[in-house]
Every structure is written in C-alpha cells, then in structure tokens.
Amino acid sequence: MVLNKIMDTLMNNGHGGKKFIGTVVLTKNNVIDHSALDRTVSHFSPKEVSLQLLSAVHADPAANGLKGKVGKEACLENEVTSSLPSLAPGDNAFNVTLDLDVSVGVPGALIVTNNHATEKFFLKTFTLKDVPDEGDIHFVCNSWIYPATKYDYDRVFFRNKSYLPSETPEPLRELREQELVNLRGNGKGERQEWDRVYDYAYYNDLGNPDKGQDYVRQILGGSSDFPYPRRGRTGRPPTETENKSGWRTDEEFGREMVAGVNPVVIRRLEEFPPKSTLDPKVYGDQTSKIIEDHIQSNLDGLGVFEALNNNKLFILDHHDSFMPYLRRINSTLTKTYASRTLLFLKDDGTLKPLAIELSLPHPNGDQYGAVSKVYTPSKEGVESAIWELAKAYVAVNDSGYHQLISHWLNTHAVIEPFVIATNRQLSALHPIHKLLQPHFRDTMNINALARQTLINAGGILEITVFPGKYAMEMSAVVYKNWIFPEQALPAELLKRGVAVEDPNSPHGLRLLIEDYPYAVDGLEIWSAIKSWVEEYCSYFYKTDDIVQKDCELQAWWKELREVGHGDKKDELWWNKMQTREELIDSCTIMIWIASALHAAVNFGQYPYAGFLPNRPTLSRRFMPEKGTPEYEELQSDPEKGFLKTITPLLQTLIGVSLIEVLSRHTSDEVYLGQRDTPEWTSEGHSLQAFERFGKKLIQIEDNIMRRNNDVNLKNRVGPIKFPYTLLHPTSEKGVTAMGIPNSVSI
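Now for a look at the structure at hand.

Rules behind the numbers
Residues numbered from 1 in each chain as written. Predicted model: local features only at pLDDT ≥ 70, side-chain atom pairs only at ≥ 80, totals over all residues. Heavy atoms only, no water. Helix = DSSP H or I, 4+ residues; strand = E, 2+ residues; numbered from the N terminus. Buried < 20%, exposed > 50% of the residue type's maximum accessible area, 1.4 Å probe, protein only. Contact = heavy atoms within 4.5 Å. Areas by Shrake-Rupley, 256 points an atom, 1.4 Å probe, with all protein chains shown as cover. Pairing = 2+ DSSP bridges. 1 Å grid on protein atoms, 1.4 Å probe; cavity = no way out; pocket = protein on both sides within 12 Å on 5 of 7 lines; lining within 4 Å. Points joined across faces, edges and corners; volume = space filled by probe spheres on them. Nonpolar A, V, L, I, M, F, W, Y, C, P; charged D, E, K, R; others polar. Axes fitted to C-alpha atoms, helices over the stretch in contact; angles between N-to-C directions. Parallel < 35°, antiparallel > 145°, perpendicular 65-115°, else oblique. Left-handed = near helix turned anticlockwise from the far one by under 90°. Phe/Tyr/Trp six-rings, centres within 6.5 Å; stacked < 30°, edge-to-face > 60°. Lys NZ or Arg CZ within 6 Å of the ring centre and 35° of its normal.

**Observations concerning the overall build of the protein**
Piece 1. Along the backbone of the protein there are 23 helices and 20 strands.
Piece 2. Classification of the 746 residues of the protein by burial places 53% in the buried group.
Piece 3. A separation threshold of at least 6 residues defines the contact pool for the protein, and within that pool the share at least 24 residues apart is 71%.
Piece 4. Within the structure as shown, the protein displays about 34500 Å² of accessible surface, and the carbon and sulfur contribution to it stands at 51%.

**Some points on the sheet that holds strand β13 (residues 313–317)**
By way of backbone hydrogen bonds, the strands of a sheet pair with one another, either parallel or antiparallel.
Piece 1. Judged by pairing direction, the sheet is antiparallel, and its five strands sit side by side in the order β12-β13-β14-β15-β16 without closing on themselves. Every other strand in the sheet has two partners, leaving β12 (267–268) and β16 (370–375) as the edge strands with one partner each.
Piece 2. One ladder, built from two bridges, connects β12 with β13; its direction is antiparallel. Bridge pairing in β13 places arginine 267 opposite isoleucine 315.

**Here we look at empty space enclosed by the protein**
Piece 1. Scanning all chains against the criterion turns up three cavities of 30 Å³ or more.
Piece 2. Taken as a whole, the largest cavity holds about 260 Å³ of empty space.
Piece 3. Considering the residues around the largest cavity, the lining is formed by 19 residues, among which Phe253, Glu256, Lys391, Ala395 and Asn614 are closest to the centre.
Piece 4. At the level of secondary structure, the elements contributing two or more residues to the lining of the largest cavity comprise α4 (250–259) and α9 (381–425).
Piece 5. Ranked by the residues each element gives to the lining of the largest cavity, the list is headed by α9, at six residues.
Piece 6. Its residues assigned to classes, the lining of the largest cavity comprises nine nonpolar, three polar and seven charged.
Piece 7. Its volume calculated, the second largest cavity comes out at about 200 Å³.
Piece 8. In terms of lining residues, the second largest cavity is bounded by 17 residues, among which Gln403, Gln605, Ala609, Thr617 and Ile659 are the most central.
Piece 9. For the lining of the second largest cavity, the elements supplying multiple residues, two or more each, are α9, α12 (460–464), α19 (605–609) and α22 (649–662).
Piece 10. By residue number, the principal contributor to the lining of the second largest cavity is α22, which donates five residues.

**As for the packing of α9 against helix α21 (residues 638–645)**
Piece 1. For the pair α9 and α21, interaxial distance at closest approach is 10 Å and the crossing angle is 20°. What the angle tells us is that α9 and α21 run roughly parallel. Between α9 and α21 lies a crossing of right-handed hand. Residues Ala385, Glu388, Leu389, Ala392 and Tyr393 of α9 pack against Pro638, Phe642 and Thr645 of α21.
Piece 2. For the contact of α9 with α21, the class distribution of residues is six nonpolar, one polar and one charged.

**Points about the packing of aromatic side chains**
To describe a pair of aromatic rings, you give the distance between the ring centres and the angle between the ring planes.
Piece 1. Taken as a whole, this structure holds 34 aromatic pairs when the rule is applied.
Piece 2. Aromatic side chains phenylalanine 122 and tryptophan 144 sit 5.5 Å apart centroid to centroid with 75° between the ring planes, which places their arrangement in the edge-to-face category. With phenylalanine 122 in strand β7 (residues 121–131) and tryptophan 144 in strand β8 (residues 135–145), this pair connects stretches of sequence that are 22 residues apart.
Piece 3. Accessibility expressed as a relative area gives 24% for tryptophan 144, which makes it partly exposed.
Piece 4. Ring centres of phenylalanine 418 and tryptophan 574 lie 6.5 Å apart, and the angle between their planes is 55°; on these two criteria the pair is classed as tilted. Linking phenylalanine 418 in helix α9 with tryptophan 574 in the loop between α17 (551–564) and α18 (580–602), this pair joins segments that are 156 residues apart in sequence.
Piece 5. Here phenylalanine 418 falls in the buried class, since its relative accessible area comes to 1%.
Piece 6. Residue tryptophan 574 is classed as buried on the basis of its relative accessible area of 5%.
Piece 7. Every member of this aromatic cluster is reached through a ring pair, and the members are Phe418, Tyr479, Trp482, Phe484, Trp556, Trp557 and Trp574.
Piece 8. The ring of tryptophan 573 is capped by lysine 568, whose NZ or CZ atom sits 3.3 Å from the centre of that ring.
Piece 9. Here the guanidinium or amino end of arginine 675 rests over the ring plane of phenylalanine 690, the centre of that ring lying 5.2 Å away.

Read these as spatial facts, not as claims about activity.
In structure tokens:
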C-alpha cells in the first residue's frame, strides 16, 4: 500500500517522477587534518560530487535482475548558508535535487562519486526530505570519500534500516554481499590510505631489519612464546631476522626511568655503597653488597668515586620500601626480591645499567640483615637470560611502587582531602574556590570507585600487583615521609638529587640528567601553572595581610592540615599560609598534582605496560640457581623460563584490561588551560591571564614535539621508537599517551 501511494504521487507529477530535495552533511579535508604534515588548502568544489539513488524495490533489467534500479545522477549544489541545529563545528551542508521516478521507487541505497582529482572529504549524512508516506529518509555514512580513481567499485551507503540477511530486499542483496567482499579485501598488496580493508596479520611490522640490528623486533602472534591479538593487515611482509626486542635493551631499561610511566623515583647516588634507612636494631645491616669490582669496568674509564663525585651515578632504589614486607609477601604464591639498580650517566645522555642487587630477608631473622646477590650485564649464554630476569624483578618492584605510591598515594589519595576541604570551607564565591574547582572534577567519584573495586580486599590491585594484601598497608608506611612543599616539582627534583640549584637557569635549577624528558617537560608545565596562579592570586591578594585576614582561606588551610591530612598535622610538613607566596606555591602544587603529575604517571600505563614482559607486576619464582631444573630450563629455553617467572596469564589479562581503561581519555575531557564553561568568571583580568596560560601551553606542546624530533636527545624516543608525550597538554580521545586533564578523573 505504501509503495502504491508513492507510485501514484510520482505518476501524478506529470512526467513519471518528482524532484526531491536532499541535504548532504560533510567535513572538508582541511578542517579535519591538523597535522603539520597535512595542512593542505582545500579546493573543494561541490559540483565535483555526485549522488545517485538505488532502488530497494525495482531491479535493473540490464543487471540480470540482481541489482536495484539506479536513478539519475545529481551533483551537489551551493552550500546551505543557514545554520542547521545538527551541524557540528567544521561541518558543511549542501543541497542536492534528485529525480525520483517510477523506475526507482523507494530508495534503499546511495551511490556517492567524488570526481575531484585529489581532494577527499568526510561524508557524514545524507537526508532525502519529504518522501510520501516515508517522511525523511536518512543515510548515515560517516566515511572518508576519496577520488573515484582510487576505487574499482562504487562507494555505496545503505539507508538507516536494518535487515537480517535473509530478509534483505532482492535488489539490495547482491550489493550487500559485494560490500562485505570489498571490506574483506583479497589479502594481497600493501594497504593504502584510501583502502577500505579489514584484514588480519601478526605484529610483524614493529621492526625494520633493513636499517640494522638495532631496528630488529620480535614478531608477536602465531607462536606459543609470544601469542598476541591479531592486528589490522598493512601488507608489509613478516620480518625474517630475529634479535632482541627493543624493550629488552639495557638502553630502554634505563630510559624508562626518566621517560616511562614511573619517572619520579630515580635519584642521584650520593654514597657508595648505597646505604639503608631501615632501623638496624630491627633489620640489621641492610647496606648494599655492590662493590667496586662489580661496576668498575663499565664506567667508561672513570673510577667509582670519580664517577660519584662527577654526578655520573644514579640509583633506582626499591630496597627499603619492600624489604620489611618480603617475608610475608613471599609466604604467598609470590616469590620476589627487594631491589637496587645502579646506573651510569653516559656522555650521550643515556643511562647504562651497571648492576642489580636482589635482596631477601635473612632466613634466621630480620635482625641478621639482608641476603643479597649482585647481577651485572651480560649479552651471551645463560648469563644473558639471568640478567634479563634480574631486570624483570626490578620491573616488578617498580610496577608495584608505581601503582601504590607514585600513582594512587601521591595523586589520587593525597588530593582528596583538598577536594573535601575546598567544598566545606571555601564558598563558591571565593576566588580560590573558582581557581581550584576544575582541578577536583570527578576525583571523589573515581576514588570511591577505586575503593570498591581496585584497592579493596581481594580487589584488582591485590590480585595483579605483587604486594597483594599488604599493598595499601605499604603505601601508608611510605606516606609517613610525605611532605606537602616537597610535592612541588623543583623541590622534588632537588630532593632526589637529579637537579641542583642554579639561579642562572630558567627554573632556578639545573638538571644533572640534561635529557630527562619528564623533568624537562614538567618544569615548563610547572612554570606555566605557577605564572597563571601568581597572576590570578595577585589580583585578589595585594598584600600578605589580606591572606592572613581571609577567614575562609585560613579555615580551609587549618582543616586541610588538621583533618584532611590529620595524621600529618605538624606544621613542619606544611606551608603556614601567611604570605601571598605561600598561597601561590600551595595552589600551584595542588594543580600540579591533580593535572600534570597524575597525567605523567597514569596515561602511559597501557602504552608502556600493555606488553606485560616490559613491566611485569608479579614474579612466581626466585632466580634459578645452578644445578636446578629451573636453571637448566632457562639455559635451554630462555623465553620459556622468563615467561614462567613473570605475571601469569589470568593476572596479565586482568591487569592489561584495567590499565587500558585507566589510560584512556574520554570525549568530554577538559584539559589543562581549558574550562568547560568559558564564562567561569566575570573578572576580565582573570580571563586574560587564563588566556595567556592557554597560549603558553600551546607553545609548550610545540617545544615537546621539537625535542622529540631532536636526534641528539636519545631519551626522548629510545630503542622502541616511542616518543615521550605524557606531558603534552592536549590530546584526542582514547589511548594516546598524551594529554593533561585538569583533574584526577580516571
């Protein structure tokens, strides 16, 4: 009946058809492509784009009755200048007039032809308006349309109506099947930008052996040793030559301490051998067993104390944090060590591992000190496999410390009292409330969720990270040493000894590891935040006296110290909040923690640790000793021995699934230098200062990309060819390893 009515309407038009108006919504190429490599000027002409309707009810006799009848071709007309409510920024709308005659009838598909020579565009939707008894007919496209010369078939889009395969109208059935054939491809050739092919392949495109051994990477997938999800096929042939994977190199091992997901622990070695801060009355002698003979040959001609005095020796020290808990941790299925890793700063700016010390509590009691063994780099035979395992135990320590301390405690946990106190003591009218409120967005919610599913008894963290049920208890012990002013980035770098004061340097200090991506990028971000906070606060607080007499501000600070962080209420741990400088420093620290620090330790989790062998979270057995079956297995099959030692499959799946979610930006993310409401304040001075802050962050983005392209800065990219972008202020949605959201919201 509906079809008959449409036919009657068409016939009554007097010439067997009727003109219908359609609207096309698209985005031009130059609107979407923002990369520096593709800033082409658009020469888009609507007349070069044509549309044809294809019938869902009438077959084309010329096609042996298998395909629907195709209507007359019509080109896009002039752009619709009136604003459409559905248009997003950057979208363009064009009208098109189509003849819908009896031979076509009800359209079920749309053919789109791009006759431009080189121009592409992103087609969003096509709407055919006022079809009798059908109303508007919609085609949702959401696809790039390249020039027709790039395809050997028509670009076809179906109406937004669903059919099971067996219920597909006959004129559309072959078209439906052919479209799937096009999308599957033929499994041959190298993928091009315009190809619409979804095919599978192993991860065989990570390396480039033709450039030399340093570019050889392991093929992932297709083997029991390195199983992996299939990727989209690009057509590049599998590599035929194996060498070590980039993540296994000593260079990458050292680089991730300054440009990885946990770049906030490494410190300068100030005494040799390294000493412990654990109480000797309880834990005996915990001094390191690393001696000069272990490292002397790897110091590029320097003596040990010469290297020490020249600020060339650094340490990743996870000994004292974990040693008090090892006896209890190792009574479970976990079998691990407390670790110390010594590194040497080479002239090219990279860090070379010198020795790894793995320690266990003395079997006769804690008071007898530690039982330690020292491992040094090796590239051949079973000693090479032993060295790889030693690095894996270090990574297990570092993963646990990262999740418990660097991530949860030092960002999520410490910022929550500030959120509570700000809402309790500072009115929404208070300028400091307006300054800080965006940096507290969703923090209470995400922390509450974490307490229910992640850090609770039996939660994901206890399942996947080696301290298990002692995880949160250990973080409480570390919190004893948390001091608020030391959370300022410059103060934190000075405390770890990786920087020294230098009044002639831009930030008042000089980095001892000059190519320290986290610190270099971080200091620029820190300075930008502080300049913005200083401009903002100085507008409202002209003198120190105003700070002291601000009753809400003083109540806020008192409650923070005495209640929010009540276990550390002693004034020695805090600024006194008596001066403008203390107010500015305090607000800068809060914003830094909630935004940049959290971004640096959170959004790289999946990019760096999604491949678990790079950052295992558990170890299941101790280092194999000579004469044992485990040692013989490591000697005969190093890969099998390695995989049997680190995180098992179930915990790997759970852990990787978690960090994939934690590393993802949402589509409504609000980044540093942005506000979700432009009219967040009526003070012109504040708005102008905030605009300057945003422009400064844009400049920092350019600086980061420039540094990443500097081949002399070897820690920016490293052997795995993965640039450090975790402090790049903005990002697209998804897992991008960049972007600084305003708040701890994931």
